[in-house]
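Architecture and fold: a report
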Amino acid sequence: MKKTITTAAMLALMLGAPVLQAADAPATAEAQAKEFRDFTYKRFPDIKPADYIYGVYALNEDYRSQFDAMNEFPPYDGAIAQGKELWTKPLANGKSLQDCLGQAKGLRAMYPFFDSATNKVRVLEADVIQCAQAYGDDKIKAKSKEIKNISAYLSSESRGLKVDVSVPNDKALAAFEDGRTRFYQKTGQLNLSCADCHQYHSGQRARSETLSPSIGKTAHFPSWRLKADGLVPLHERLSGCVKDTRAKPYALYGSEFSNLEYFLAYIDNGLVITGPAVRK
Amino acid sequence: MQNFALGTPRHLAFALLAGSLALSGYALAADEKAPAKELTGKELAFDASKGNCLACHMIVGGDQPGTMGPPLIAMKARYPDRQALFEVVWDPRHKFPNTAMPPIGAYGILSKDEVNKVVDFIYGL
């Protein structure tokens, strides 16, 4: 009996039966993610999978105690409070971001996602900016202090929830694969890919900077960087890394970085959302 | 100023732009030196805006080396043929496909002259 079903399924697959295609995209994404994660699990057998949220500080005890010291006085509480205020504040048309996007609680954990209506990946900061624009606000925009604070507030309202990204269909799979391709794409005069630094050479140093592993790239954003004494949303961090290869970075919140975020966030599935988090 | 820029032939505008970029990179180092001082092989290898080999390689005499690539020691023993060493620095992709090391010469990070100086320097290590 079982064998008959298998044969039938095989046949349906060969014929490209639409019923099976629906299940195909999630399985393909999961297989690719597994291969990607396994590379890193093997490279760092001592890191517990849940600890990848700590980035470079997951690498050893020394770094971890540095991290704990950095967190004694969280520098981002004021930013969260300001973001919270902006969330319910009436914008030019009298309505608030909350009217546009709903309750802050748990919102971060619903992003990024593939929007089957527009066939695009939606990322939270981009949606916030779009709402603000639609409501006649000209301050809440890419790179502004406002969007950073809102980003921090929204992360804080999803703390403890887990990253849960799905790849529901073939178009979503195409976006996921675009993100994956960009991860391996060499850019700039230095001809470096994300994978060069965060996979093949992760744990090693570029000058004095230790390179973090490729898992846990998204769940702690925005980061509060001590070096910049301020918040850095994920796309700005990605932009900085691309610039370091001496390439012109993709647009913030454009499809390239959004697909990359989608891929990286899928890799992070199951990790606990902890943003905003302190980084050097 | 804007009129001047607009009226400037394109090649001149480029030269100006390149000049200001180079200046900003060297603003500190250039202070006590004559403007167009030629860098030595060692300086080219260490300078972050030039070869930046130190970003990835331990090199004797260099501070805070990276560890992405192997230490550059005993180069003569490992590359008896100097030309082979030149080729690796010029475009490491031939010997190491998909390497993280940038194509130093092939992508114009350093000129041929500069690569030769760097190779002379590391050949003595």
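Residues numbered from 1 in each chain as written. Chains lettered and ligands numbered in written order. Predicted model: local features only at pLDDT ≥ 70, side-chain atom pairs only at ≥ 80, totals over all residues. Heavy atoms only, no water.

**Here's the deal with the overall build of chain A**
Put simply, the test is: The secondary structure listing takes helices from DSSP runs of H or I that are at least 4 residues long and strands from runs of E that are at least 2 residues long, numbered from the N terminus. The rule is simple: take the accessible area with a 1.4 Å probe, protein chains only, and divide by the maximum for that residue type; under 20% is buried, over 50% is exposed, in between is partly exposed. Residue contacts follow a heavy-atom distance rule, with two residues in contact if any of their heavy atoms lie within 4.5 Å. The accessible surface values rely on the Shrake-Rupley method and a 1.4 Å probe; as for residues, cover is taken only from the protein chains in view. For the purpose of counting charges, residues Lys and Arg are taken to be positive, whereas Asp and Glu are taken to be negative. His and the chain ends are not included. Taken as the charge centre is NZ of Lys, CZ of Arg, CG of Asp or CD of Glu, depending on the residue.
A tally of helices and strands in chain A yields 11 helices and seven strands. For chain A, the spread of C-alpha atoms along the principal axes amounts to about 65 × 50 × 40 Å. Every one of the 280 residues in chain A was classed for burial, and the buried ones make up 48%. Put simply, 69% of the contacts in chain A that link residues at least 6 apart link residues at least 24 apart. On chain A, roughly 13900 Å² of surface is accessible, and the fraction owed to carbon and sulfur atoms is 55%. If the 37 positive side-chain charges of chain A are averaged to one point and the 32 negative ones to another, these points end up 3 Å apart.

**Describing the domain arrangement of chain A**
Residues and elements named next belong to chain A. We count it as follows: Domain ranges listed in this record stem from an automatic or a database domain assignment. Buried area: the accessible surface (1.4 Å probe) lost by two parts on joining, summed over both. Counted as salt bridges are all cases of a side-chain nitrogen of Lys or Arg within 4 Å of a carboxyl oxygen of Asp or Glu.
The domains assigned to chain A are domain 1 (25–74 + 168–279) and domain 2 (77–156). Interface area, domain 1 with domain 2, both sides summed: about 1800 Å², of which 71% is carbon and sulfur. Contact with domain 2 buries area across many residues of domain 1, yet Leu231, Tyr253 and Ile273 alone supply 28% of it, more than any other trio. Along the contact surface separating domain 1 from domain 2 lie one salt bridge.

**Let's talk about the packing of aromatic side chains**
Residue and element names in this part refer to chain A. The test is simple: Pairs were defined over the aromatic rings of Phe, Tyr and Trp, the Trp ring being its six-membered one, requiring ring centres within 6.5 Å. Orientation was assigned from the angle between planes: stacked under 30 degrees, edge-to-face over 60, tilted for the rest. We call a charge positioned over a ring when the NZ of a Lys or the CZ of an Arg lies within 6 Å of the ring centre and within 35 degrees of the ring normal.
Considering all chains together, one arrives at 16 aromatic pairs over all chains under this definition. Summarising the aromatic geometry, the rings of Phe176 and Phe263 are spaced 5.1 Å apart at their centres and angled 65° between planes, so their arrangement reads as edge-to-face. Linking Phe176 in helix H8 (residues 170–184) with Phe263 in helix H11 (residues 255–267), this pair joins segments that are 87 residues apart in sequence. A single burial state applies to Phe176 and to Phe263, both of which are buried. An aromatic cluster of at least three residues, connected via ring pairs, comprises Phe36, Phe176, Phe183, Tyr184, Phe263 and Tyr266. Over the aromatic face of Tyr54 sits the side chain of Arg64, whose NZ or CZ is 3.9 Å from the ring centroid.

**A look at the interface of chain B and chain A**
To keep things clear, this is the line we draw: The term polar contact refers here to a pair of N or O atoms within 3.5 Å; inside protein, the definition further demands a hydrogen-donor-capable atom paired with an acceptor-capable atom, and it admits residues adjacent in sequence only when both atoms are side-chain atoms.
Counting from both sides, the interface comprises 23 residues of chain B and, opposite them, 17 residues of chain A. Interface of chain B and chain A: buried area, both sides summed, is about 1500 Å²; carbon and sulfur atoms make up 46% of it. Three residues stand out in chain B for area buried against chain A, namely Thr67(B), Met68(B) and Ala100(B), and they jointly supply 36% of the buried area on that side. Our enumeration of links across chain B and chain A arrives at zero salt bridges. Our count for the chain B to chain A interface comes out at 11 residue pairs in polar contact (both at pLDDT 80 or more).

**Observations regarding the environment of Lys42(B)**
Residue and element names in this part refer to chain B. Mapped onto the elements of the fold, Lys42 is located in helix H3 (residues 41–46). Look at Lys42 and you get partly exposed, because its relative accessible area is 40%. Lys42 sits 78 residues away from Asp120 along the chain, and the two C-alpha atoms are 9.2 Å apart.

**Section: the confidence of the model for chain B**
Residue and element names in this part refer to chain B. This is how it is decided: Each residue carries a pLDDT value, the predictor's own confidence for that position, ranging from 0 to 100.
Averaged over all residues, the pLDDT of chain B is 79; the fraction at 70 or higher stands at 71%. This model gives residues 1–33 a pLDDT under 50, and the stretch forms six contacts once residues within four places in sequence are excluded. For this predicted complex, the interface score ipTM comes out at 0.90, while the overall pTM is 0.88.

**Topic: the environment of Leu107(A)**
Residue and element names in this part refer to chain A. Mapping Leu107 onto the fold places it in the loop between helix H5 (97–101) and strand S1 (113–115). A C-alpha to C-alpha distance of 14 Å links Leu107 and Gly83, two positions 24 residues apart in sequence. Setting aside chain neighbours within four positions, we find Leu107 in contact with Trp87, Leu101, Leu124, Leu154 and Ser158.

**Some points on the state of the cysteines**
As used in these notes, a disulfide is a covalent bond between sulfur atoms, one from each of two cysteines. Residue and element names in this part refer to chain A. Short version of the rule: Disulfides are defined in this document as cysteine sulfur pairs within 2.5 Å.
One pass over the structure, following the stated rule, counts one disulfide over all chains. In this model Cys100 forms its disulfide with Cys131; the gap between the sulfur atoms is 2.0 Å. A torsion of -75° about the S-S bond marks the disulfide between Cys100 and Cys131 as left-handed. Pair noted here: Cys100 is in helix H5 and Cys131 is in helix H6 (residues 124–134), with a separation of 31 residues, a long-range link. By relative accessible area, which is 29% here, Cys100 ends up partly exposed.

**Side note on the confidence of the model for chain A**
Residue-level pLDDT values for chain A average 93, and 92% of them are 70 or greater. In this model residues 1–9 of chain A is a low-confidence stretch, pLDDT under 50, and it forms one contact with partners more than four residues away in sequence or in other chains.

**Some points on the packing of H6(A) against helix H7 (residues 145–156) of chain A**
All names here are of chain A. Applicable threshold: Only the stretch in contact is used when fitting a helix axis, every axis being a line fitted to C-alpha atoms; angles between N-to-C directions are given from 0 to 180 degrees. An angle below 35 degrees is treated as roughly parallel, one above 145 as roughly antiparallel, one from 65 to 115 as roughly perpendicular, and anything else as oblique. Each helix crossing is assigned a hand: it is left-handed if the near helix lies turned anticlockwise from the far helix by less than a right angle, otherwise right-handed if that turn is clockwise.
Their axes nearest at 10 Å, the elements H6 and H7 cross at an angle of 125°. The angle between H6 and H7 falls in the class oblique. Viewed along their axes, H6 and H7 form a crossing whose handedness is right-handed. Taken together, the residues of H7 that come into contact with H6 (itself represented by Leu124, Glu125, Val128 and Ile129) are Ile147, Ile150, Ser151 and Leu154.

**So, H11(A)**
All names here are of chain A. To be explicit about the condition: The length a helix should cover is 1.5 Å for every residue beyond the first.
Here H11 spans 18 Å end to end across 13 residues, near enough to the 18 Å set by a 1.5 Å rise per residue. With 11 of its 13 residues buried, H11 lies for the most part within the structure. The set of residues buried in H11 consists of Phe257, Ser258, Asn259, Leu260, Glu261, Tyr262, Phe263, Leu264, Ala265, Tyr266 and Ile267.

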